[in-house]
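For reference, the chains in residue letters:
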Amino acid sequence: MKIIDKFIKKTLLLLYALINQINFHFKFRTIDIFLNKLRIGLLRMCGAKIGNNSSIHPKVMILMPQNLIVGNNSNIGSNSEIFNYSKFTIGNNVDIGTQLYVNTNNHITADPTKPLAYQGSISKEIKIGSDIWIGARVTILSDTIIEDRVIIGAGSVINKNLKSGYLYAGVPAKPKKEINK
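1. Regarding the overall build of the protein chain
Alright, step 1. Check the secondary structure of the protein chain and you find two helices and 19 strands.
Alright, step 2. Based on the C-alpha atoms only, the size of the protein chain along its principal axes is roughly 50 × 40 × 25 Å.
Alright, step 3. In the protein chain, which comprises 181 residues, the proportion classed as buried is 38%.
Alright, step 4. Counted over contacts in the protein chain with a minimum sequence separation of 6, partners at least 24 positions apart contribute 21%.
Alright, step 5. For the protein chain, the separation between the mean place of its 23 positive charges and that of its 11 negative charges on side chains is 4 Å.

2. Quick notes on the sheet that holds strand β8 (residues 94-96)
Alright, step 1. One open sheet accounts for seven strands, arranged β2-β5-β8-β13-β16-β18-β19; its pairing is mixed. Two strands close off the open sheet at either side, each with one partner strand: β2 (55-56) and β19 (174-178).
Alright, step 2. With three bridges connecting them, β8 and strand β13 (residues 132-134) associate as parallel partners. By the bridge assignment for β13, Val94 is matched with Ile132.

3. Concerning the sheet that holds strand β1 (residues 49-50)
Alright, step 1. Pairing is parallel across the open sheet formed by five strands, whose spatial order is β1-β4-β7-β12-β15. Lying at the two open borders of the sheet, with one neighbouring strand each, are β1 and β15 (145-146).
Alright, step 2. Bridge count between β1 and strand β4 (residues 68-70): two bridges; the pairing is parallel. Bridge pairing links Ile50 to Val70 in β4.

4. Topic: the packing of aromatic side chains
For any pair of aromatic rings, geometry is given as the distance between the ring centres together with the angle between the planes.
Alright, step 1. Under the defined criterion, the tally for this structure stands at two aromatic pairs.
Alright, step 2. For the pair Phe83 and Tyr101, a centre-to-centre distance of 5.7 Å together with 50° between the ring planes defines the contact as tilted. Taken together, the residues span a long stretch of sequence, with Phe83 in strand β6 (residues 81-83) and Tyr101 in strand β9 (residues 101-103) at a distance of 18 residues.
Alright, step 3. Accessibility expressed as a relative area gives 26% for Tyr101, which makes it partly exposed.

5. A short note on the nonpolar core
Alright, step 1. In terms of nonpolar packing, the biggest core is built from 36 residues, with Ile56, Phe88, Ile128, Ile134, Ile140 and Ile146 touching the most fellow members.
Alright, step 2. With four residues, helix α2 (residues 29-45) is the largest single contributor of residues to this core.
Alright, step 3. Residues contacting Phe88, with those up to four places away along its chain left out, are Asn67, Leu68, Ile69, Ile82, Leu100, Val102, Ile126 and Ile128.

6. Focus: the pattern of salt bridges
Alright, step 1. With the rule as written, the count across this model stands at three salt bridges.
Alright, step 2. Residue Glu147 is joined to Lys163 by a salt bridge in which the shortest nitrogen-to-oxygen separation is 3.6 Å. Of the two residues, Glu147 sits in the loop between β15 and β16 (150-152) while Lys163 sits in the loop between β17 (157-158) and β18 (166-169), which places them 16 residues apart along the sequence.
Alright, step 3. The exposure class assigned to Glu147 is partly exposed, which follows from its relative accessible area of 30%.

7. Description of the environment of Gly77
Alright, step 1. For Gly77, the position within the fold is in the loop between β5 (75-76) and β6.
Alright, step 2. Sequence separation of Gly77 and Gly135 is 58 residues, and the distance between their C-alpha atoms is 9.5 Å.
Alright, step 3. The contact partners of Gly77, leaving out residues within four places of it in the chain, are His57, Val60, Ile96, Gly97 and Thr98.

8. Overview of a positive patch on the surface
Alright, step 1. On the surface, Lys2, Lys6, Lys9 and Lys10 cluster together into a positively charged patch.
Alright, step 2. Within the element layout of this structure, Lys10 appears in helix α1 (residues 2-20).

Conventions and cut-offs
- Residues numbered from 1 in each chain as written.
- Predicted model: local features only at pLDDT ≥ 70, side-chain atom pairs only at ≥ 80, totals over all residues.
- Heavy atoms only, no water.
- Helix = DSSP H or I, 4+ residues; strand = E, 2+ residues; numbered from the N terminus.
- Buried < 20%, exposed > 50% of the residue type's maximum accessible area, 1.4 Å probe, protein only.
- Contact = heavy atoms within 4.5 Å.
- Lys, Arg positive; Asp, Glu negative; His and termini not counted.
- Charge placed at Lys NZ, Arg CZ, Asp CG, Glu CD.
- Pairing = 2+ DSSP bridges.
- Phe/Tyr/Trp six-rings, centres within 6.5 Å; stacked < 30°, edge-to-face > 60°.
- Core = buried A, V, L, I, M, F, W, Y, C linked by side-chain atoms within 4.5 Å.
- Salt bridge = Lys/Arg side-chain N within 4 Å of Asp/Glu carboxyl O.
- Patch = residues over 30% accessible without salt bridge, like charges linked within 9 Å, V, L, I, M, F, W, Y side chains within 5 Å.
- Areas by Shrake-Rupley, 256 points an atom, 1.4 Å probe, with all protein chains shown as cover.

Now the structure itself:
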């Protein structure tokens with residue numbers, strides 16, 4: 001039975017990858033909506049938990065759908081890459097721009113006798129709260145929490161926890177301006 005389950009899951013992931021390449025964005029709105037529902041349905045069958053009225057735009061690579069949790073009314077922009085070896089959680093009402101890069105994995109570099117590239121890795125989850133706007137080409141690294149009600153400027157790198165109520169930008173991201181709470 002496990003062999004059949006693995007085959008079905010791999011087939012669903014392959015189907016997701018094929019459908020994911022189709023992009024009629026705003027040319028044929030009805031087809032766009034259908035393909036979004038199909039992408040979400042396939043991800044759910046592979047173990048992802050995706051809330052109501054959420055969307056996964058075309059060409060979003062999700063390494064391990066079973067580690068993906070998306071709340072209600074949230075969107076992941078096209079051409080995003082999600083390397084979620086551990087849980088990657090997105091809250092409600094989150095709008096993510098194109099080309100998001102997420103990686104829950106990081107290298108271990110503790111042993112000076114071994115080459116850096118071969119010391120292994122450690123994976124820690126990433127949590128994104130609710131009521132968040134994330135600009136294009138943002139990078140979010142392992143072991144970070146983004147609290148509710150945050151704006152992240154385009155091109156920013158998130159390598160530590162972000163507190164609620166601020167616009168963050170830069171490499172690494174720093175608070176630039178308080179937003180209305």
